[in-house]
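Below are the chains, spelled out letter by letter.
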Amino acid sequence: MSAAVLGVILVQIDLIRTSMSVNEERFDKNVQEALVKVTERLEDFEREYFFRSSVNGFMMAYQAEQIATARPNGDKLKEIDNAELEGIPSFERQFYIHIMTNPGLTELFNQEKNMRSVEERIKAKDLDLAILQEFGKRGINPQNSKFKFHYGIWSNEKNGMVIVDGHYVFDDFGNKEPVPTLGTSNLYNPDYSVPVFHSVKIPPGELRVFFPNRTNIILSSLWKNAAGTALFAAIILSCFAYTLTVIFRQKKLSEMKTDFINNMTHEFKTPIATISLASDSIVTPIILNNPEKVQRFANIIKQENKRMNSQVEKVLQMALLDKRDFSLKMTEVNVHEVIQAAVENITLRVEKRDGIVKTALNASMPIIEGDLTHVANVINNLLDNADKYSPDEPEISVSTRNVSNGIEITVQDNGIGISKEARKQIFDKFYRVPTGNLHDVKGFGLGLSYVKAMMTAHKGAVEVKSDPGKGSSFILTFPFRVEA
(Lines give C-alpha, C1' and ligand atoms only; values in the text may rest on other atoms or scores of the structure.)
Protein backbone atom coordinates (compact mmCIF):
# COMPACT_ATOMS: atom_id res chain seq x y z
CA MET A 1 0.00 0.00 0.00
CA SER A 2 2.82 2.40 0.85
CA ALA A 3 4.57 1.66 -2.45
CA ALA A 4 1.33 2.17 -4.41
CA VAL A 5 0.55 5.50 -2.71
CA LEU A 6 4.12 6.73 -3.20
CA GLY A 7 4.04 5.62 -6.84
CA VAL A 8 0.81 7.51 -7.55
CA ILE A 9 2.20 10.68 -5.99
CA LEU A 10 5.49 10.44 -7.91
CA VAL A 11 3.66 9.87 -11.21
CA GLN A 12 1.46 12.91 -10.59
CA ILE A 13 4.47 15.04 -9.70
CA ASP A 14 6.20 13.94 -12.92
CA LEU A 15 3.09 14.80 -14.97
CA ILE A 16 2.91 18.26 -13.39
CA ARG A 17 6.61 18.82 -14.07
CA THR A 18 6.11 17.79 -17.71
CA SER A 19 3.09 20.07 -18.08
CA MET A 20 5.05 22.92 -16.57
CA SER A 21 7.86 22.36 -19.10
CA VAL A 22 5.37 22.36 -21.99
CA ASN A 23 3.72 25.55 -20.72
CA GLU A 24 7.10 27.21 -20.34
CA GLU A 25 8.07 26.34 -23.92
CA ARG A 26 4.74 27.60 -25.24
CA PHE A 27 5.01 30.87 -23.31
CA ASP A 28 8.61 31.41 -24.44
CA LYS A 29 7.62 30.79 -28.05
CA ASN A 30 4.72 33.27 -27.88
CA VAL A 31 6.91 35.98 -26.34
CA GLN A 32 9.72 35.47 -28.87
CA GLU A 33 7.30 35.55 -31.80
CA ALA A 34 5.73 38.74 -30.45
CA LEU A 35 9.12 40.44 -30.02
CA VAL A 36 10.24 39.49 -33.55
CA LYS A 37 6.99 40.90 -34.92
CA VAL A 38 7.51 44.10 -32.91
CA THR A 39 11.00 44.61 -34.40
CA GLU A 40 9.60 44.13 -37.90
CA ARG A 41 6.93 46.75 -37.22
CA LEU A 42 9.58 49.16 -35.91
CA GLU A 43 11.39 48.89 -39.26
CA ASP A 44 8.10 49.50 -41.09
CA PHE A 45 7.47 52.58 -38.94
CA GLU A 46 10.93 53.91 -39.76
CA ARG A 47 10.45 53.51 -43.53
CA GLU A 48 7.07 55.18 -43.35
CA TYR A 49 8.45 58.19 -41.41
CA PHE A 50 11.29 58.54 -43.92
CA PHE A 51 8.79 58.55 -46.79
CA ARG A 52 6.55 61.17 -45.15
CA SER A 53 9.37 63.51 -44.19
CA SER A 54 11.45 63.30 -47.40
CA VAL A 55 8.95 63.85 -50.19
CA ASN A 56 6.31 66.56 -50.65
CA GLY A 57 3.06 66.21 -52.56
CA PHE A 58 4.41 67.71 -55.82
CA MET A 59 7.36 65.32 -55.82
CA MET A 60 5.07 62.39 -55.15
CA ALA A 61 2.83 63.31 -58.12
CA TYR A 62 5.87 63.75 -60.39
CA GLN A 63 7.32 60.40 -59.35
CA ALA A 64 3.98 58.72 -59.84
CA GLU A 65 3.78 60.09 -63.41
CA GLN A 66 7.31 58.87 -64.12
CA ILE A 67 6.41 55.42 -62.86
CA ALA A 68 3.32 55.25 -65.04
CA THR A 69 5.37 56.35 -68.14
CA ALA A 70 8.33 54.04 -67.53
CA ARG A 71 6.31 50.99 -66.52
CA PRO A 72 2.95 51.16 -68.28
CA ASN A 73 2.34 47.48 -67.73
CA GLY A 74 3.22 47.63 -64.05
CA ASP A 75 5.56 44.58 -64.30
CA LYS A 76 7.91 45.87 -61.64
CA LEU A 77 5.09 46.50 -59.22
CA LYS A 78 4.13 42.81 -59.08
CA GLU A 79 7.38 42.03 -57.28
CA ILE A 80 6.21 43.91 -54.18
CA ASP A 81 4.56 41.75 -51.48
CA ASN A 82 1.04 43.03 -50.83
CA ALA A 83 1.61 42.50 -47.12
CA GLU A 84 4.03 45.44 -47.17
CA LEU A 85 1.28 47.75 -48.40
CA GLU A 86 -1.04 47.13 -45.44
CA GLY A 87 -1.63 50.24 -43.35
CA ILE A 88 -0.42 52.66 -46.10
CA PRO A 89 -3.04 55.05 -47.55
CA SER A 90 -3.95 54.26 -51.18
CA PHE A 91 -2.75 57.61 -52.55
CA GLU A 92 0.73 56.95 -51.13
CA ARG A 93 1.10 53.31 -52.05
CA GLN A 94 2.41 53.79 -55.56
CA PHE A 95 5.13 56.15 -54.48
CA TYR A 96 6.00 53.86 -51.55
CA ILE A 97 6.44 51.05 -54.09
CA HIS A 98 8.66 53.31 -56.14
CA ILE A 99 10.86 54.01 -53.13
CA MET A 100 11.23 50.33 -52.41
CA THR A 101 12.18 49.57 -56.04
CA ASN A 102 14.33 52.61 -56.71
CA PRO A 103 17.98 51.91 -55.86
CA GLY A 104 18.78 55.58 -55.44
CA LEU A 105 16.10 56.32 -52.89
CA THR A 106 16.79 53.05 -51.08
CA GLU A 107 20.45 53.96 -50.79
CA LEU A 108 19.50 57.38 -49.46
CA PHE A 109 17.23 55.77 -46.90
CA ASN A 110 19.98 53.38 -45.74
CA GLN A 111 22.52 56.21 -45.47
CA GLU A 112 20.19 58.32 -43.36
CA LYS A 113 19.22 55.58 -40.91
CA ASN A 114 22.84 54.54 -40.41
CA MET A 115 23.66 58.09 -39.31
CA ARG A 116 21.12 58.05 -36.51
CA SER A 117 21.31 56.35 -33.09
CA VAL A 118 18.90 53.57 -32.14
CA GLU A 119 16.87 55.84 -29.84
CA GLU A 120 16.44 58.35 -32.71
CA ARG A 121 15.23 55.62 -35.04
CA ILE A 122 12.52 54.37 -32.62
CA LYS A 123 9.62 56.38 -31.31
CA ALA A 124 8.64 55.34 -27.76
CA LYS A 125 4.93 55.56 -28.55
CA ASP A 126 5.35 53.29 -31.59
CA LEU A 127 7.23 50.75 -29.49
CA ASP A 128 4.57 50.89 -26.78
CA LEU A 129 1.74 50.43 -29.30
CA ALA A 130 3.42 47.58 -31.15
CA ILE A 131 4.42 45.59 -28.10
CA LEU A 132 1.00 45.89 -26.44
CA GLN A 133 -0.78 44.85 -29.63
CA GLU A 134 1.50 41.90 -30.41
CA PHE A 135 1.42 40.59 -26.84
CA GLY A 136 -2.36 41.05 -26.76
CA LYS A 137 -2.77 38.92 -29.89
CA ARG A 138 -1.03 36.08 -28.02
CA GLY A 139 -3.07 36.26 -24.85
CA ILE A 140 -0.53 38.25 -22.84
CA ASN A 141 -2.70 41.07 -21.55
CA PRO A 142 -0.66 43.68 -19.65
CA GLN A 143 -3.82 45.01 -17.99
CA ASN A 144 -3.92 41.76 -16.04
CA SER A 145 -1.55 42.12 -13.07
CA LYS A 146 -0.49 38.51 -13.56
CA PHE A 147 1.08 39.43 -16.92
CA LYS A 148 2.89 42.52 -15.68
CA PHE A 149 6.16 43.07 -17.57
CA HIS A 150 8.89 45.63 -18.24
CA TYR A 151 10.29 46.26 -21.71
CA GLY A 152 12.81 48.54 -23.34
CA ILE A 153 15.48 49.17 -25.96
CA TRP A 154 19.14 48.44 -25.21
CA SER A 155 21.72 50.57 -27.08
CA ASN A 156 25.01 48.90 -27.90
CA GLU A 157 26.50 52.34 -28.53
CA LYS A 158 25.61 53.69 -25.08
CA ASN A 159 25.88 50.29 -23.41
CA GLY A 160 22.65 50.92 -21.54
CA MET A 161 18.89 51.19 -21.78
CA VAL A 162 17.61 54.12 -23.83
CA ILE A 163 13.86 53.39 -23.75
CA VAL A 164 12.09 51.68 -20.82
CA ASP A 165 8.34 51.03 -20.49
CA GLY A 166 7.43 53.61 -23.15
CA HIS A 167 9.76 56.37 -21.85
CA TYR A 168 13.15 57.65 -22.95
CA VAL A 169 15.85 57.15 -20.39
CA PHE A 170 18.57 59.48 -21.77
CA ASP A 171 18.31 63.19 -22.53
CA ASP A 172 20.84 63.13 -25.37
CA PHE A 173 18.59 64.42 -28.08
CA GLY A 174 15.75 66.82 -28.70
CA ASN A 175 13.77 67.97 -25.69
CA LYS A 176 13.04 64.48 -24.34
CA GLU A 177 13.57 64.30 -20.60
CA PRO A 178 14.97 61.20 -18.89
CA VAL A 179 12.33 59.20 -17.01
CA PRO A 180 13.60 56.72 -14.37
CA THR A 181 11.59 53.50 -14.11
CA LEU A 182 11.62 50.49 -11.84
CA GLY A 183 12.12 48.13 -14.76
CA THR A 184 15.54 49.46 -15.75
CA SER A 185 17.64 47.28 -13.45
CA ASN A 186 15.68 44.14 -14.36
CA LEU A 187 16.23 44.73 -18.06
CA TYR A 188 20.00 44.38 -17.63
CA ASN A 189 19.27 40.66 -17.13
CA PRO A 190 16.12 40.19 -19.22
CA ASP A 191 14.06 37.06 -19.68
CA TYR A 192 13.84 37.63 -23.43
CA SER A 193 15.68 39.74 -26.02
CA VAL A 194 15.80 40.10 -29.81
CA PRO A 195 17.99 42.40 -31.95
CA VAL A 196 16.39 45.48 -33.50
CA PHE A 197 17.13 46.55 -37.09
CA HIS A 198 18.85 43.20 -37.63
CA SER A 199 19.21 43.67 -41.40
CA VAL A 200 22.76 44.96 -40.81
CA LYS A 201 25.66 42.76 -39.78
CA ILE A 202 25.91 44.30 -36.31
CA PRO A 203 22.48 45.34 -34.95
CA PRO A 204 22.54 48.65 -33.05
CA GLY A 205 20.62 47.33 -30.07
CA GLU A 206 18.12 44.89 -28.57
CA LEU A 207 14.48 44.81 -27.62
CA ARG A 208 14.35 43.38 -24.10
CA VAL A 209 11.50 42.15 -21.91
CA PHE A 210 11.40 41.11 -18.26
CA PHE A 211 8.43 39.33 -16.56
CA PRO A 212 8.55 39.66 -12.73
CA ASN A 213 5.86 36.98 -12.42
CA ARG A 214 7.11 34.67 -15.13
CA THR A 215 6.98 31.55 -12.92
CA ASN A 216 3.46 32.39 -11.75
CA ILE A 217 2.33 32.92 -15.33
CA ILE A 218 3.64 29.50 -16.33
CA LEU A 219 2.09 27.85 -13.27
CA SER A 220 -1.23 29.68 -13.51
CA SER A 221 -2.71 27.19 -15.97
CA LEU A 222 -1.54 24.27 -13.85
CA TRP A 223 -2.96 25.26 -10.48
CA LYS A 224 -6.23 23.40 -11.05
CA ASN A 225 -4.40 20.19 -11.93
CA ALA A 226 -1.97 20.70 -9.07
CA ALA A 227 -4.79 21.44 -6.62
CA GLY A 228 -6.72 18.39 -7.79
CA THR A 229 -3.63 16.22 -7.50
CA ALA A 230 -2.92 17.55 -4.01
CA LEU A 231 -6.55 17.04 -2.96
CA PHE A 232 -6.80 13.46 -4.16
CA ALA A 233 -3.33 12.65 -2.84
CA ALA A 234 -4.40 14.01 0.54
CA ILE A 235 -7.56 11.88 0.42
CA ILE A 236 -5.54 8.78 -0.45
CA LEU A 237 -3.01 9.51 2.28
CA SER A 238 -5.80 10.17 4.79
CA CYS A 239 -7.51 6.90 3.93
CA PHE A 240 -4.17 5.14 4.08
CA ALA A 241 -3.37 6.65 7.48
CA TYR A 242 -6.87 5.82 8.73
CA THR A 243 -6.50 2.24 7.53
CA LEU A 244 -3.19 1.87 9.33
CA THR A 245 -4.66 3.42 12.47
CA VAL A 246 -7.58 1.00 12.41
CA ILE A 247 -5.27 -1.96 11.80
CA PHE A 248 -3.00 -1.08 14.71
CA ARG A 249 -5.98 -0.25 16.92
CA GLN A 250 -7.60 -3.59 16.15
CA LYS A 251 -4.30 -5.36 16.73
CA LYS A 252 -3.91 -3.65 20.08
CA LEU A 253 -7.54 -4.35 21.00
CA SER A 254 -7.12 -7.99 20.04
CA GLU A 255 -4.06 -8.27 22.27
CA MET A 256 -5.90 -6.60 25.17
CA LYS A 257 -8.91 -8.88 24.75
CA THR A 258 -6.65 -11.92 24.68
CA ASP A 259 -5.01 -10.66 27.87
CA PHE A 260 -8.47 -10.06 29.34
CA ILE A 261 -9.60 -13.60 28.55
CA ASN A 262 -6.42 -15.02 30.06
CA ASN A 263 -6.91 -12.91 33.20
CA MET A 264 -10.57 -13.85 33.44
CA THR A 265 -9.70 -17.54 33.07
CA HIS A 266 -7.14 -17.18 35.84
CA GLU A 267 -9.56 -15.26 38.07
CA PHE A 268 -12.31 -17.87 37.65
CA LYS A 269 -10.05 -20.91 37.78
CA THR A 270 -9.11 -20.49 41.46
CA PRO A 271 -12.63 -20.07 42.89
CA ILE A 272 -13.96 -22.85 40.69
CA ALA A 273 -11.24 -25.19 41.91
CA THR A 274 -11.92 -24.16 45.52
CA ILE A 275 -15.68 -24.67 45.13
CA SER A 276 -15.09 -28.04 43.49
CA LEU A 277 -12.78 -29.14 46.28
CA ALA A 278 -15.20 -27.94 49.01
CA SER A 279 -18.14 -29.67 47.31
CA ASP A 280 -16.25 -32.96 47.07
CA SER A 281 -15.28 -32.67 50.73
CA ILE A 282 -18.85 -32.05 51.92
CA VAL A 283 -20.25 -35.21 50.31
CA THR A 284 -17.70 -37.45 52.02
CA PRO A 285 -19.18 -39.46 54.96
CA ILE A 286 -16.65 -38.09 57.44
CA ILE A 287 -17.60 -34.45 56.72
CA LEU A 288 -21.34 -35.14 56.49
CA ASN A 289 -21.32 -36.40 60.07
CA ASN A 290 -19.54 -33.24 61.27
CA PRO A 291 -21.88 -30.20 61.11
CA GLU A 292 -19.06 -27.73 61.91
CA LYS A 293 -16.96 -28.85 58.94
CA VAL A 294 -20.02 -28.81 56.65
CA GLN A 295 -20.67 -25.24 57.76
CA ARG A 296 -17.03 -24.33 57.14
CA PHE A 297 -16.98 -25.73 53.60
CA ALA A 298 -20.38 -24.17 52.88
CA ASN A 299 -18.99 -20.79 53.88
CA ILE A 300 -15.99 -21.33 51.59
CA ILE A 301 -18.32 -22.14 48.70
CA LYS A 302 -20.38 -19.03 49.49
CA GLN A 303 -17.32 -16.74 49.62
CA GLU A 304 -15.85 -18.07 46.38
CA ASN A 305 -19.23 -17.82 44.68
CA LYS A 306 -19.49 -14.22 45.85
CA ARG A 307 -16.02 -13.57 44.46
CA MET A 308 -16.96 -15.01 41.06
CA ASN A 309 -20.20 -13.06 41.04
CA SER A 310 -18.24 -9.86 41.74
CA GLN A 311 -15.97 -10.51 38.74
CA VAL A 312 -18.94 -11.20 36.48
CA GLU A 313 -20.62 -8.00 37.67
CA LYS A 314 -17.53 -6.00 36.68
CA VAL A 315 -17.63 -7.40 33.16
CA LEU A 316 -21.38 -6.83 32.82
CA GLN A 317 -20.99 -3.35 34.25
CA MET A 318 -18.47 -2.41 31.56
CA ALA A 319 -20.78 -3.86 28.90
CA LEU A 320 -23.52 -1.53 30.11
CA LEU A 321 -21.12 1.40 30.08
CA ASP A 322 -20.13 0.62 26.49
CA LYS A 323 -23.76 0.65 25.43
CA ARG A 324 -24.45 3.68 27.66
CA ASP A 325 -27.33 1.61 28.97
CA PHE A 326 -27.25 2.91 32.52
CA SER A 327 -28.79 5.70 34.52
CA LEU A 328 -27.52 7.50 37.59
CA LYS A 329 -29.67 7.67 40.70
CA MET A 330 -28.81 11.16 41.84
CA THR A 331 -28.91 11.90 45.57
CA GLU A 332 -26.95 14.06 47.97
CA VAL A 333 -23.69 12.21 48.71
CA ASN A 334 -21.34 13.01 51.59
CA VAL A 335 -17.96 12.34 50.02
CA HIS A 336 -16.19 12.17 53.39
CA GLU A 337 -18.47 9.37 54.59
CA VAL A 338 -17.87 7.44 51.36
CA ILE A 339 -14.10 7.84 51.73
CA GLN A 340 -14.09 6.76 55.39
CA ALA A 341 -16.07 3.61 54.56
CA ALA A 342 -13.74 2.76 51.67
CA VAL A 343 -10.64 3.39 53.83
CA GLU A 344 -11.97 1.03 56.49
CA ASN A 345 -12.38 -1.73 53.90
CA ILE A 346 -8.87 -1.35 52.43
CA THR A 347 -7.10 -0.82 55.77
CA LEU A 348 -7.30 -4.48 56.75
CA ARG A 349 -5.53 -5.60 53.56
CA VAL A 350 -2.93 -2.86 53.77
CA GLU A 351 -2.08 -3.53 57.41
CA LYS A 352 -1.43 -7.20 56.62
CA ARG A 353 1.48 -5.94 54.50
CA ASP A 354 2.65 -3.58 57.23
CA GLY A 355 1.27 -0.60 55.34
CA ILE A 356 -0.75 2.44 56.33
CA VAL A 357 -3.70 4.43 54.97
CA LYS A 358 -3.92 8.12 55.92
CA THR A 359 -6.70 10.63 55.33
CA ALA A 360 -6.73 14.43 55.20
CA LEU A 361 -10.36 15.40 54.63
CA ASN A 362 -10.00 19.18 54.40
CA ALA A 363 -13.03 20.02 52.26
CA SER A 364 -15.41 22.25 54.18
CA MET A 365 -18.30 21.40 51.80
CA PRO A 366 -18.22 17.59 51.21
CA ILE A 367 -21.81 17.23 49.89
CA ILE A 368 -22.19 16.62 46.14
CA GLU A 369 -24.93 15.47 43.81
CA GLY A 370 -24.18 11.96 42.59
CA ASP A 371 -24.96 8.26 42.48
CA LEU A 372 -23.83 6.86 45.82
CA THR A 373 -23.06 3.37 44.48
CA HIS A 374 -20.95 4.57 41.58
CA VAL A 375 -19.13 7.24 43.62
CA ALA A 376 -18.25 4.59 46.21
CA ASN A 377 -17.08 2.19 43.46
CA VAL A 378 -14.80 4.89 42.00
CA ILE A 379 -13.11 5.50 45.39
CA ASN A 380 -12.82 1.75 46.09
CA ASN A 381 -11.29 1.10 42.65
CA LEU A 382 -8.59 3.74 43.16
CA LEU A 383 -7.76 2.44 46.65
CA ASP A 384 -7.67 -1.12 45.34
CA ASN A 385 -5.21 -0.11 42.59
CA ALA A 386 -3.08 1.83 45.08
CA ASP A 387 -2.77 -1.34 47.16
CA LYS A 388 -2.19 -3.75 44.26
CA TYR A 389 0.51 -1.68 42.56
CA SER A 390 2.41 -0.81 45.75
CA PRO A 391 5.33 -2.89 47.06
CA ASP A 392 5.60 -4.14 50.66
CA GLU A 393 4.62 -1.61 53.31
CA PRO A 394 2.36 0.51 51.10
CA GLU A 395 1.67 4.11 52.07
CA ILE A 396 -1.68 5.36 50.80
CA SER A 397 -3.23 8.75 51.50
CA VAL A 398 -6.61 10.21 50.62
CA SER A 399 -7.17 13.96 50.80
CA THR A 400 -9.96 16.35 49.87
CA ARG A 401 -10.28 20.07 49.31
CA ASN A 402 -12.87 22.40 47.87
CA VAL A 403 -12.27 23.94 44.44
CA SER A 404 -14.36 26.23 42.31
CA ASN A 405 -17.89 24.79 42.14
CA GLY A 406 -16.88 21.38 43.46
CA ILE A 407 -14.65 19.09 45.50
CA GLU A 408 -11.28 17.58 44.63
CA ILE A 409 -10.26 14.11 45.89
CA THR A 410 -6.64 12.92 45.65
CA VAL A 411 -5.63 9.27 46.13
CA GLN A 412 -1.83 8.99 46.42
CA ASP A 413 0.43 5.95 46.84
CA ASN A 414 4.13 5.03 46.90
CA GLY A 415 3.78 2.28 44.31
CA ILE A 416 5.64 1.39 41.13
CA GLY A 417 4.42 4.49 39.30
CA ILE A 418 3.29 4.88 35.71
CA SER A 419 5.44 5.80 32.70
CA LYS A 420 4.53 8.67 30.38
CA GLU A 421 3.58 6.24 27.59
CA ALA A 422 1.37 4.18 29.93
CA ARG A 423 -0.40 7.30 31.27
CA LYS A 424 -1.85 7.86 27.81
CA GLN A 425 -3.59 4.45 27.88
CA ILE A 426 -4.45 3.69 31.50
CA PHE A 427 -8.08 4.73 31.03
CA ASP A 428 -8.51 2.44 28.00
CA LYS A 429 -10.59 -0.66 28.49
CA PHE A 430 -8.62 -3.88 29.16
CA TYR A 431 -5.34 -1.96 29.43
CA ARG A 432 -3.12 -2.92 32.38
CA VAL A 433 0.02 -1.08 33.44
CA PRO A 434 3.13 -3.28 33.04
CA THR A 435 4.18 -4.39 36.52
CA GLY A 436 7.73 -5.54 35.88
CA ASN A 437 8.51 -8.32 38.36
CA LEU A 438 5.14 -8.03 40.16
CA HIS A 439 3.42 -10.97 38.46
CA ASP A 440 0.84 -11.42 41.22
CA VAL A 441 -1.20 -8.34 40.30
CA LYS A 442 -4.68 -9.50 39.32
CA GLY A 443 -7.47 -7.82 37.42
CA PHE A 444 -9.17 -7.36 34.06
CA GLY A 445 -7.95 -3.86 33.23
CA LEU A 446 -11.47 -2.48 33.67
CA GLY A 447 -11.14 -0.48 36.91
CA LEU A 448 -9.72 2.79 35.57
CA SER A 449 -11.87 2.59 32.45
CA TYR A 450 -14.88 2.43 34.79
CA VAL A 451 -13.54 5.37 36.84
CA LYS A 452 -13.19 7.47 33.69
CA ALA A 453 -16.70 6.59 32.49
CA MET A 454 -18.27 7.44 35.87
CA MET A 455 -16.44 10.74 36.20
CA THR A 456 -17.65 11.70 32.73
CA ALA A 457 -21.21 10.70 33.65
CA HIS A 458 -20.98 12.92 36.76
CA LYS A 459 -19.64 15.84 34.62
CA GLY A 460 -16.38 15.59 36.54
CA ALA A 461 -12.77 14.92 35.61
CA VAL A 462 -9.97 12.54 36.51
CA GLU A 463 -6.25 13.33 36.24
CA VAL A 464 -3.16 11.26 36.98
CA LYS A 465 0.29 12.42 38.03
CA SER A 466 2.98 9.78 38.25
CA ASP A 467 6.61 8.89 37.63
CA PRO A 468 8.07 5.37 37.50
CA GLY A 469 9.30 4.31 40.96
CA LYS A 470 7.82 7.38 42.68
CA GLY A 471 4.20 6.40 43.12
CA SER A 472 1.03 7.82 41.60
CA SER A 473 -1.62 10.42 42.39
CA PHE A 474 -5.14 10.20 40.99
CA ILE A 475 -7.09 13.44 41.25
CA LEU A 476 -10.89 13.36 41.01
CA THR A 477 -12.95 16.52 40.60
CA PHE A 478 -16.69 16.28 41.33
CA PRO A 479 -19.00 19.26 40.73
CA PHE A 480 -21.48 20.16 43.47
CA ARG A 481 -24.32 19.83 40.95
CA VAL A 482 -24.55 17.68 37.83
CA GLU A 483 -25.93 19.90 35.08
CA ALA A 484 -28.27 18.11 32.64
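Scroll up to find the structure.
Quick look at the structure, then. Note that this is a predicted model, so its numbers are computed, not measured.

It is worth spelling out the sheet that holds strand β2 (residues 160-164) at this point. Taken in spatial order, the five strands of this open sheet run β3-β2-β1-β5-β4, and their pairing is antiparallel. Sheet topology places β3 (167-168) and β4 (192-196) at the edges, where each strand pairs with a single neighbour. As paired strands, strand β1 (residues 150-155) and β2 are joined by four bridges and run antiparallel to one another. Looking at the pairing, Gly152 lines up with Val164 of β2.

A word on the side chain of Asp387. Relative to the assigned elements, Asp387 resides in helix α12 (residues 372-388). For Asp387, a relative accessible area of 5% translates into the label buried. When sequence neighbours within four positions are dropped, the list of residues in contact with Asp387 reads Ile346, Arg349, Val350, Arg353, Pro394 and Ile396.

A few words on the packing of helix α11 (residues 335-352) against α12. Following both chains from N to C, one finds α11 and α12 inclined at 30°, their axes separated by 10 Å at the closest point. By the angle between their directions, the pair α11 and α12 is classed as roughly parallel. The element α11 and its partner α12 pack so that their crossing is right-handed. Residues Val338, Ile339, Ala342, Val343, Asn345, Ile346, Arg349 and Val350 of α11 pack against Leu372, Val375, Ala376, Ile379, Asn380, Leu383, Asp384 and Asp387 of α12. Of the residues belonging to the contact of α11 with α12, the class tally is 11 nonpolar, two polar and three charged.

What follows is about the nonpolar core. Grouped together as the largest cluster of nonpolar side chains are 38 residues, with contacts concentrated most on Ile379, Leu383, Ile409, Phe474, Leu476 and Phe478. Looking at this core, the elements that each hand over two or more residues are α11, α12, β9 (395-403), β10 (406-412), α14 (447-457), β11 (461-466) and β12 (472-479). Leu383 has contacts with Ala342, Val343, Ile346, Ile396, Val398 and Val411, leaving out every residue within four places of it along the chain.

A few words on the pattern of salt bridges. Applying the stated rule across the entire model yields 13 salt bridges. With its nearest N and O atoms 3.1 Å apart, the salt bridge here joins Glu134 to Arg138. A residue is classified by how much of its surface remains accessible, and Glu134, at 1% relative accessible area, is buried. Among the salt bridges present, the one from Arg401 reaches Glu408, with a minimum N-O distance of 2.9 Å. Each of the salt bridges in this network shares a partner with another, and the network as a whole consists of Arg41, Glu134, Lys137 and Arg138.

Thresholds applied
- Residues numbered from 1 in each chain as written.
- Predicted model: local features only at pLDDT ≥ 70, side-chain atom pairs only at ≥ 80, totals over all residues.
- Heavy atoms only, no water.
- Pairing = 2+ DSSP bridges.
- Helix = DSSP H or I, 4+ residues; strand = E, 2+ residues; numbered from the N terminus.
- Buried < 20%, exposed > 50% of the residue type's maximum accessible area, 1.4 Å probe, protein only.
- Contact = heavy atoms within 4.5 Å.
- Axes fitted to C-alpha atoms, helices over the stretch in contact; angles between N-to-C directions.
- Parallel < 35°, antiparallel > 145°, perpendicular 65-115°, else oblique.
- Left-handed = near helix turned anticlockwise from the far one by under 90°.
- Nonpolar A, V, L, I, M, F, W, Y, C, P; charged D, E, K, R; others polar.
- Core = buried A, V, L, I, M, F, W, Y, C linked by side-chain atoms within 4.5 Å.
- Salt bridge = Lys/Arg side-chain N within 4 Å of Asp/Glu carboxyl O.

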